[in-house]
2 protein chains.
Amino acid sequence: MSSEKLKNTGLKITNARLAIFGVFEQEQDKHLSAYNIQDRLKQTNIEISLATIYRVLGQFEEAGLLQRHEFDDDKALYELYDGEHHDHMICNKCSNVIDFIDDDINNRKDKVLEKYNFLMSGHRLVLYGTCNDCR
Amino acid sequence: MSSEKLKNTGLKITNARLAIFGVFEQEQDKHLSAYNIQDRLKQTNIEISLATIYRVLGQFEEAGLLQRHEFDDDKALYELYDGEHHDHMICNKCSNVIDFIDDDINNRKDKVLEKYNFLMSGHRLVLYGTCNDCR
DNA sequence: TTTATTGCAAAACCTTTGCATGTAT
DNA sequence: ATACATGCAAAGGTTTTGCAATAAA
């Protein structure tokens, strides 16, 4: 339940927060910009200002509920954080973002890290191209 | 020589274009924002408007002279395009961007692409962490 | 001379912030 | 009652664009 997860963050349970979190739970597109979220909410006759949406997204990210991504255009997209790292494929045609898990990447990276004496804290892998539906 | 490469693009050879391309050739930091470039040019008493810099960067990218990256903050960085793909490590402390070549990544990606029937046209891998100098 | 390029100022776009009002605890 | 959330309007930063002046071919 949304309210459970929200309660654990220490943030107050407000209509805005419930509504915004709700958008992510109703699993359509999973990668959403602030504007996307406002748009979705309007369709349910819920009006929330962008200022609040941006503030709440930031709080949710800090709380570990959401993950923030910046892909190619310069707007941030958010998605639910599921606890394990996954990577992304982005379709040039339909702009869809597809998650995938890459089991092998950690081993490969280690070689690079060692060579450069780089202490890695995170990584981002994005594949660009044409998705199954658009081929 | 700069002018050779520029000539091949079909773009007119102007002072602005020579100066901007020149900045990338004098190999210090290799990853530069529009503002960085303007700043560097000022140090040589060359004044070029940001409007022009943005336009030229776009043209150079289209011509294949430069590659555009958007890492974490929301400003674009450009670097010379050398014809072969390389990936990036970004240091949290000094913000330096380090290029590296990952020989194995192609094999890894193929599995994923096959599974999702995704036709890849490009990819981006960024490792975040602490670089050798900052450890 | 023709066409492309430049600078300026204004605008577009995404995101953040100050402040006064409203709401959860 | 207190502390936190919200909306509005304004402002921030990066990038784009219309237009008149300028320079390359």
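First, a word on scope: everything that follows refers to the structure included in this document. (Residues numbered from 1 in each chain as written. Chains lettered and ligands numbered in written order. Predicted model: local features only at pLDDT ≥ 70, side-chain atom pairs only at ≥ 80, totals over all residues. Heavy atoms only, no water.)

Now for the overall build of chain A. The number of helices and strands found in chain A is five helices and five strands. When the elements of chain A are put in sequence order from the N terminus, they spell out α-α-α-α-β-β-β-β-α-β. For chain A, the C-alpha atoms occupy an extent of roughly 50 × 40 × 25 Å along the three principal directions. Here chain A, with 135 residues, has 41% of them falling under the buried criterion. Long-range contacts, defined here as pairs at least 24 residues apart, represent 45% of the contacts in chain A between residues at least 6 apart. One finds the centroid of the 17 positive side-chain charges in chain A at a distance of 3 Å from the centroid of its 23 negative side-chain charges. (Helix = DSSP H or I, 4+ residues; strand = E, 2+ residues; numbered from the N terminus. Buried < 20%, exposed > 50% of the residue type's maximum accessible area, 1.4 Å probe, protein only. Contact = heavy atoms within 4.5 Å. Lys, Arg positive; Asp, Glu negative; His and termini not counted. Charge placed at Lys NZ, Arg CZ, Asp CG, Glu CD.)

Residues and elements named next belong to chain B. One can find Arg 40 in helix 3 (residues 34–42). With a relative accessible area of 14%, Arg 40 lands in the buried category. Setting aside chain neighbours within four positions, we find Arg 40 in contact with Val 23, Gln 28, Asp 29 and Leu 32.

Scanning the entire structure with this criterion turns up five salt bridges over all chains. Among the ionic pairs, Arg 68 of chain A bridges to Glu 70 of chain A, the shortest N-O distance being 2.8 Å. Since its relative accessible area comes to 31%, Arg 68 of chain A is described here as partly exposed. Here the residues in one salt-bridge network are Asp 74 of chain A together with Arg 68 and Glu 70 of chain B, joined through shared partners. (Salt bridge = Lys/Arg side-chain N within 4 Å of Asp/Glu carboxyl O.)

Superposition of chain A onto chain B requires a rotation of 178 degrees combined with a translation of 0.0 Å along the rotation axis, giving an RMSD of 0.2 Å. The two molecules are tied by a two-fold rotation axis, judged by turn and shift. Ranked by how close their C-alpha atoms come to the rotation axis, the residues of chain A are headed by Leu 125 of chain A, at 2.2 Å. (Least-squares fit on C-alpha atoms with pLDDT ≥ 70 in both.)

At the junction of the two partners, chain A supplies 39 residues and chain B supplies 38 residues. Of the roughly 3,300 Å² buried between chain A and chain B, counting both surfaces, carbon and sulfur atoms make up 52%. Applying the counting rule to chain A against chain B returns one salt bridge. A salt bridge links Asp 74 of chain A to Arg 68 of chain B; the nearest nitrogen and oxygen atoms lie 3.9 Å apart. Inspection of the chain A/chain B interface yields 14 residue pairs in polar contact (both at pLDDT 80 or more). Within the residue set of the side of chain A that touches chain B, elements represented by two or more residues are strand 1 (66–70), strand 3 (87–91), strand 4 (97–100), helix 5 (105–116) and strand 5 (119–130) of chain A. Here the side of chain A that touches chain B takes 12 residues from strand 5 of chain A, the largest share from any one element. Its residues assigned to classes, the side of chain A that touches chain B comprises 18 nonpolar, eight polar and 13 charged. Pairing geometry for strand 5 of chain A and strand 5 (residues 119–130) of chain B, over 11 bridges, is antiparallel. By the bridge assignment, Thr 130 of chain A is partnered in strand 5 of chain B with Leu 119 of chain B. (Buried area = accessible area lost by both parts, 1.4 Å probe. Polar contact = N/O pair within 3.5 Å; in protein donor to acceptor, adjacent residues only side chain to side chain. Nonpolar A, V, L, I, M, F, W, Y, C, P; charged D, E, K, R; others polar. Pairing = 2+ DSSP bridges.)

Taken together, the side chains of Tyr 35, Leu 50 and Tyr 54 of chain A present a nonpolar region at the surface, about 330 Å² in accessible area. On the secondary structure map, Tyr 54 of chain A appears in helix 4 (residues 50–62). (Patch = residues over 30% accessible without salt bridge, like charges linked within 9 Å, V, L, I, M, F, W, Y side chains within 5 Å. Areas by Shrake-Rupley, 256 points an atom, 1.4 Å probe, with all protein chains shown as cover.)

Turning our eyes to something else, we now look at the protein's contact with DNA strand C. Around DNA strand C, the surrounding shell holds 20 residues, and the nearest of these are Tyr 54 and Ala 76 of chain A together with Thr 14, Arg 17 and Thr 52 of chain B. Contact distances for DNA strand C include 2.6 Å between a phosphate oxygen and a side-chain N or O atom of Thr 14 of chain B. At 3.0 Å from a phosphate oxygen of DNA strand C is found a side-chain nitrogen or oxygen belonging to Ser 49 of chain B. Within the residue set of the surface near DNA strand C, elements represented by two or more residues are helix 4 of chain A together with helix 2 (15–25) and helix 4 (50–62) of chain B. The leading source of residues in the surface near DNA strand C is helix 4 of chain B, at four residues. Its residues placed into classes, the surface near DNA strand C shows nine nonpolar, three polar and eight charged. (Near = heavy atom within 4 Å.)

The subject of this paragraph is the sheet that holds strand 3 (residues 87–91) of chain B. Strands sit in the order 4(A)-3(A)-5(A)-5(B)-3(B)-4(B) across an open sheet of six strands; the sheet is mixed. Among the strands making up the open sheet, the edge pair consists of strand 4 of chain A together with strand 4 (97–100) of chain B. In this sheet, adjacent strand axes meet at a mean angle of 25 degrees when their direction is disregarded. The sheet contacts of helix 5 of chain A involve strand 5 of chain A together with strand 3, strand 4 and strand 5 of chain B, and relative to strand 5 of chain A the element is tilted by about 125 degrees. Against the sheet, helix 5 (residues 105–116) of chain B contacts strand 3, strand 4 and strand 5 of chain A together with strand 3 and strand 5 of chain B, and its axis sits at roughly 125 degrees relative to strand 5 of chain B. (Axes fitted to C-alpha atoms, helices over the stretch in contact; angles between N-to-C directions.)

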